[in-house]
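The chain contents come next:
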Amino acid sequence: MTTTHPTATAPARPGPAPTPGTLPLPAGTARAVTTAGAVLTLAATFLPWTWTRAFPGNLTVTGYPGGLQVLTLTGALLVLLFLASGHGVRGLRWLTPGGTTAPLVLLTAGTFATTWYAAGAISVTLGGVVNLEPGAWIATAGSLLALAGALGLPADTPAGTDGPSGTGAPAIQRLRHSLQAPAPRPARALPDWAEILLIAGAFAVVLYVFTYGIATEYGELFVGFLLLTGCAAPALAKAGLIRRVSRLTARHRNVSIAAAFVAAAAFPFLQSDNQFTSIAANILIFATVALGLNVVVGLAGLLDLGYVAFLGVGAYTAALVSGSPYSSVGLKFPFWAAVLTGALASLIFGVLIGAPTLRLRGDYLAIVTLGFGEIFRIGMQNLDGISGPAVTNGSTGIPQIPDLEILGFNFGETHSFLGFDFTRSANYFWLMLFFTVIVVSVFRRSDSSRIGRAWVAIREDETAARAMGINAFRFKLIAFALGATLAGLAGTVQAHAVSSIDPEQYKFVEAVPPNSAFLLAAVILGGMGTVGGPLIGAALLFLIPAKLQFIGEYQLLLFGVALVLLMRFRPEGLVADRRKQLEFHETGQLDVPDAKALAPVDGNGNGTTGGPDGPNDPGTTGPGKAEG
Amino acid sequence: MTTHTTTPAATGTGEGGTVLEATGVTMRFGGLTAVKSVDLTVNSGEIVGLIGPNGAGKTTFFNCLTGLYVPTEGRVAYRGTVLPSRSHLVTQAGIARTFQNIRLFPNMTVLENVLVGRHTRTREGLLAALLRGPRFKKAEAESEARAMELLEFTGLAGKRDHLARNLPYGEQRKLEIARALASDPGLLLLDEPTAGMNPQETLATQELVFAVRDQGIAVLVIEHDMRFIFNLCDRVAVLVQGEKLLEGTPEVVQRDERVIAAYLGTPPEEVAAASRPGGAEDGPGAADGAPATTAERPTGTPDPGARNDTGGHGPAGTEGGEKA
Amino acid sequence: MHDLPQQLANGLILGAMYGLIAIGYTMVYGIVQLINFAHGEIFMIGGFGALTAWLLLPSGTSIALALPLMLLLGMACSVLVGMGAERFAYRPLRGGPRLAPLITAIGLSIALQQAIWAFYPDAKKARPFPQFGGDPIDLGAFSIQRGELFLITAAPLCMIVLALFVSKSRTGRAMQATSQDPDTAKLMGINTDRIIVTAFAIGAAFAAIAAIAHGLKYGQVDFKMGFIAGLKAFTAAVLGGIGNIYGAMIGGLVLGFTEAMATAYIEYIPGMELFGGGAWKDVWAFVLLILVLLLRPQGLLGERVTDRA
């Protein structure tokens, strides 16, 4: 049972008789129905969906899709492309080196969800289904038809790999089975320049999608965007495209990292609206701090619930020496000195908190850091000259932190370059990007070294780690202090970027990120111990509250519930750890799922042969895939 | 100077030099004395076995040796220096161990597991990892070379990139030994290395332990499988109710009636009566003859000791102490 | 220093409240080694349950008459939430990765707090809690607020009942057995699931009593009162030796005492003039926690907790 099964990875098409899909349709009929549905949906996007422009995005024009219609159009197009590819149309087969049915099921589901959501939103916003024009009816019917057809397609993998999945099996079992996809066929060798071109193309697509998401102007469009990408990303993974790209990036690591960096740096060029650059800069601050936390939580397994306090220590230190007229310290340090001071201050607090606590069971650290986060806030509030010494202006905080000036370059001013105007936000975006790169390299380099292995070993089994000669306390303290230092580093930039700080910005939980609970959630949602995870997690956690104003006061409630559900159903997050990726080895090694392991290996819980090919942006592909 | 040479520290201490010397080791938990004044020496190039019925305090004694427990009394010296009661310092000094219930790092690869074993023999810190200078790269390369050497040695080289938890049981045991060897120990402590193995796997483990010994590493092994112990060891110590009952060559121990009595749970006075019929077929007492005969026989038939112990492997056993 | 007896009394009353909440942490921890972060919220929900009972009664009901009903409903709410959390949030994660239950606990804590904030009428700010009227009772050296009488009676009573329960009842003894060795306890035929739920329920009931005491003492309940109270109670549990129910009460008393003393007298220490008063009391409680972890991590009555083997 432990020997490898090379046949398991072979493409499914020439394999044994395929298993029927969820719905009992002949394969040909199913394909025809899917095609018809997709074509219908596609055509419907060119018709008006409603009569009034009161619904955002202008869905009233014939022949010119707008807003949500564009998303449906994209979904339907992708469905048709993948259908053609699955049917073996020349020139398109590269689209589906892995599964063909699983991506189609996911894509039609995404299109269906987006379209129905759009129709629902129109009806609700405008008061009733009477506001739907025929276009909307056709689109909803078409997307339903496409979904039904896709569900009737035969599954990619032969029956029996994950329990009963033949005709007699319950529908849910057959659905799960049809979401399974084999590993991609080995790619044809391409010349280096072509591979690099492909990498560049992949990053460009990711950058475009991300930019589109940030720039969505109203909540409905953002929901549609989330629905479609939420289905399309796993679809691409099932089709084997993501695995292929990640193999390419692994082969050309330096090129990929550079491409990711360039893609991220190019973001301000694509923005006409300063507002989005500002959002992106804030996401970067959030993501960088989350990455720092990931060293502590993801690598060393230490639960730090007061992480934002270390950000606060850095920010307050930098603000005090920034030369702000409200600072009680009448000093103005150059930026590098302020960064070092802030990082050092955080480091000292990290050691003070960590040293007594890290000798004990891990749970103690969690609650002590939680306490520290709260105490930091109270302390900053009390150091106002009334309750305590006058240092921080209490709840007023330190406003008017001057903009940075490095080598004569003032970050507060708009600079023109190559005919583009770069605003304050863009300047801070790039500065923050620089720090993100620093934190990412710290993370990656420490991860794959003696010290990183020691951290993971301690996380896995502390007793065994000690028996291997690891001084657990010392290495935990190093991880904790390193995490604190990185947060302090980010804090020094944050103070300047937001130009005014006060104790309320550094709470345990609050509607606005970054706060300790959101930081932790970003790491967990994205995937502990990965580079891409916290970046994606931070982006989502920042954008969802910002874009979906209507959840308003229930936001934190939903956040809490989501955290509980996440731990219950997908504790490894969206991006699985590099080590978990190995569960599916290239040799097609069949793994024995371990009940104690984090969870089923991929998003749909179909573990055995599917492998971790959910929306797994492997940590090895560099920082850019998330933000660029 | 960053990595040690691959040959373990056996050089310098000639044949017969003392590697481990435990004197008067006593461990009390509250009112319970788990280990009472046990003396044990292991000489270089020797394989010493530690046997005893379940609950005799073998694992507790092991934990005292490896610094997991601080012994209430007594001292443990390695090559003449008293060992500190800190697990990681013991490994640093040159004693490596495996665990009764396998304790690998399940979500690390096979290679990474062994690399963790190299920890004490390398010294690259955070700064080196971040700067990645030539010395760091050299040290990493050397660690990896040594780790691969050990994986070859244990026959796991082909699985270097598999996750440890996906290995079959027998290979997990081997990996644990490879990981322990990676710290270049002068003494290897094995805690029930063949528990749960079939006869073939047991035989393979035996070969592996001999190979380890041939590299100049002394071995101290706890085991329930009597045949395994008697085939393997140069010397066997018997622990009963926390005290060392006797110590000697396998022949001597096999013949001793107190051992059989201890395993059968009979008071020593009744030994004479109890041992004759029971020992005729398959008890340790049966091996009155030369060890050569025992070696030829497969280890399939369980002896009373093994039967006693595997049956009683509850959470209340000696391993209860290993819980936090 | 003439008000020392008064400060002492204040500290002990505050401490008894921390102790009651701490019992919930300590019992659960003793059995499943889980820090139930949501316990502070369970405490808060007990307060709101009791308030609901009061609001349901016709206005003008005497508080003394209403108290039993408030107790009942408050405890019912807390126990229900506590048991529900155990059953649906923590139990599925038992035996899984170490961080998962802790993170779940945080999520749960946020969700419960926000649920009250969003759905309880007028709970966006503190809601007034019924009060015993009348002047403080003057006992010569110090005086006691009438509202505090409830706690002074309830806390010792609770401790006695709990001590009897743990030492005399079958369930109580099973609980001790489970906390010492869950696997063996299971083998001995103890239904550990039931024991764990019982621990959650008792902890929640005590938290509800503490919440009513809190409401009577301060005259209000607040959706965020569970956070700091939970932190303090955890400190109390660690102080007394986590896992030890008597330790929790003693730890609570020590903590309350320390807080009262620090609030009243720290400003008289040279160099600390600016750190006195109520604004810093949470900081001193935290400093105490750090000191305890540094000097006596096993707490006053606890066994060693360092994770050696």
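In this text the structure is predicted, and so the values were computed from the model without any measurement.

About the thresholds
Residues numbered from 1 in each chain as written. Chains lettered and ligands numbered in written order. Predicted model: local features only at pLDDT ≥ 70, side-chain atom pairs only at ≥ 80, totals over all residues. Helix = DSSP H or I, 4+ residues; strand = E, 2+ residues; numbered from the N terminus. Buried ≥ 20, exposed ≤ 12 C-beta atoms within 10 Å, placed from the backbone. Contact = placed C-beta atoms within 7 Å. Rg over C-alpha atoms; globule rule 2.2 N^0.38 Å. UniProt positions renumbered as here; feature names shortened; annotations may be inferred. Nonpolar A, V, L, I, M, F, W, Y, C, P; charged D, E, K, R; others polar. Axes fitted to C-alpha atoms, helices over the stretch in contact; angles between N-to-C directions. Parallel < 35°, antiparallel > 145°, perpendicular 65-115°, else oblique. Left-handed = near helix turned anticlockwise from the far one by under 90°. Expected span 1.5 Å × (residues − 1). Domains from an automatic or database assignment. Pairing = 2+ DSSP bridges.

Draft legend 1. Structural detail: the overall build of chain A. Each helix and strand counted, chain A has 22 helices and four strands in total. The buried share among the 628 residues of chain A stands at 60%. Long-range pairs, those at least 24 residues apart, make up 78% of the contacts in chain A between residues at least 6 apart in sequence.

Draft legend 2. Region of the structure containing the overall build of chain C. Scanning chain C from N- to C-terminus turns up 11 helices and four strands. Rg of the C-alpha trace for chain C: 19 Å, near the compact-globule value of 19 Å for 309 residues, within the 12% margin. Within chain C, the proportion of its 309 residues that are buried is 53%.

Draft legend 3. Examining the UniProt feature "transmembrane region" (unreviewed entry) in chain C more closely. Residues and elements named next belong to chain C. According to UniProt, the positions carrying the feature "transmembrane region" (unreviewed entry) are residues 12-32, 39-57, 63-81, 102-120, 149-166, 195-213 and 233-257. Structurally, residues 12-32 is divided into 100% helix and 0% strand, and its ends, taken at the C-alpha atoms, are 30 Å apart. Structurally, residues 63-81 is divided into 100% helix and 0% strand, and its ends, taken at the C-alpha atoms, are 25 Å apart.

Draft legend 4. Local environment of the interface of chain A and chain C. Taken together, the contacts link 43 residues of chain A with 40 residues of chain C. Of all the elements in the fold, those that place two or more residues in the side of chain A that touches chain C are helix H12 (335-357), helix H13 (362-382), helix H16 (462-467), helix H18 (516-526) and helix H20 (555-569) of chain A. Looking at the side of chain A that touches chain C, its residues break down into 25 nonpolar, 10 polar and eight charged.

Draft legend 5. View of the packing of helix H3 (residues 63-90) of chain C against helix H8 (residues 192-218) of chain C. All names here are of chain C. Packing of H3 against H8 brings their axes to within 8 Å, and their N-to-C directions diverge by 140°. As summarised for this structure, H3 and H8 are arranged oblique, according to the angle between their axes. Remark: the crossing between H3 and H8 carries right-handed chirality. Only Ile196, Val197, Phe200, Ala201, Gly203, Ala204, Ala205, Ala207, Ala208, Ile209, Ala211 and Ile212 of H8 make contact with H3, whose side of the interface consists of Met70, Leu71, Gly74, Met75, Ser78, Val79, Val81, Gly82, Met83 and Glu86. Its residues assigned to classes, the contact of H3 with H8 shows 17 nonpolar, four polar and one charged.

Draft legend 6. Molecular detail of helix H6 (residues 169-181) of chain B. Residue and element names in this part refer to chain B. With 13 residues, H6 should reach 18 Å at 1.5 Å per residue; the first-to-last C-alpha distance of 19 Å fits that figure. The element H6 is extensively covered by neighbouring structure, given that 10 of its 13 residues are classed as buried. Looking only at H6, the buried set comprises Glu171, Arg173, Lys174, Leu175, Glu176, Ile177, Ala178, Arg179, Ala180 and Leu181. Packed against the buried residues of H6 are strand E6 (95-97), helix H3 (110-117), helix H5 (134-154), strand E7 (187-191) and helix H7 (199-214).

Draft legend 7. Representation of the environment of Thr485 of chain A. Counting through the fold element by element, Thr485 of chain A comes out in helix H17 (residues 472-498). C-alpha separation for the pair Thr485 of chain A and Ser346 of chain A, spaced 139 residues apart in sequence, amounts to 5.4 Å.

Draft legend 8. Representation of the interface of chain A and chain B. Listed by partner, the interface residues are 31 residues for chain A and 34 residues for chain B. Elements supplying a minimum of two residues to the side of chain A that touches chain B: helix H14 (424-447), helix H15 (450-460), H16 and H17 of chain A. Here the element with the most residues in the side of chain A that touches chain B is H15 of chain A; it accounts for seven residues. Split by residue class, the side of chain A that touches chain B holds 13 nonpolar, eight polar and 10 charged.

Draft legend 9. A look at the domain arrangement of chain A. All names here are of chain A. By domain assignment, chain A separates into domain 1 (22-153 + 187-251) and domain 2 (256-569). Domain 1 and domain 2 are separated by 36 Å when their C-alpha centres are compared. Sorting the residues of the side of domain 1 that touches domain 2 by element identifies helix H6 (192-215) and helix H7 (219-238) as the ones contributing at least two each. Grouping the constituent residues of the side of domain 1 that touches domain 2 by class yields seven nonpolar, five polar and no charged.

Draft legend 10. Fine view of the sheet that holds strand E9 (residues 235-240) of chain B. Residue and element names in this part refer to chain B. Spatially, the six strands line up as an open sheet ordered E6-E7-E8-E3-E9-E10, and their pairing is mixed. The open sheet terminates on both sides in strands that have one partner only, identified here as E6 and strand E10 (243-248). Each neighbouring strand pair of the sheet contributes to a mean axis angle of 20°, computed without reference to strand direction. Note that E7 and strand E8 (residues 218-222) share five bridges and pair parallel. Bridge assignment links Leu190 to a residue of E8, and that residue is Val221.

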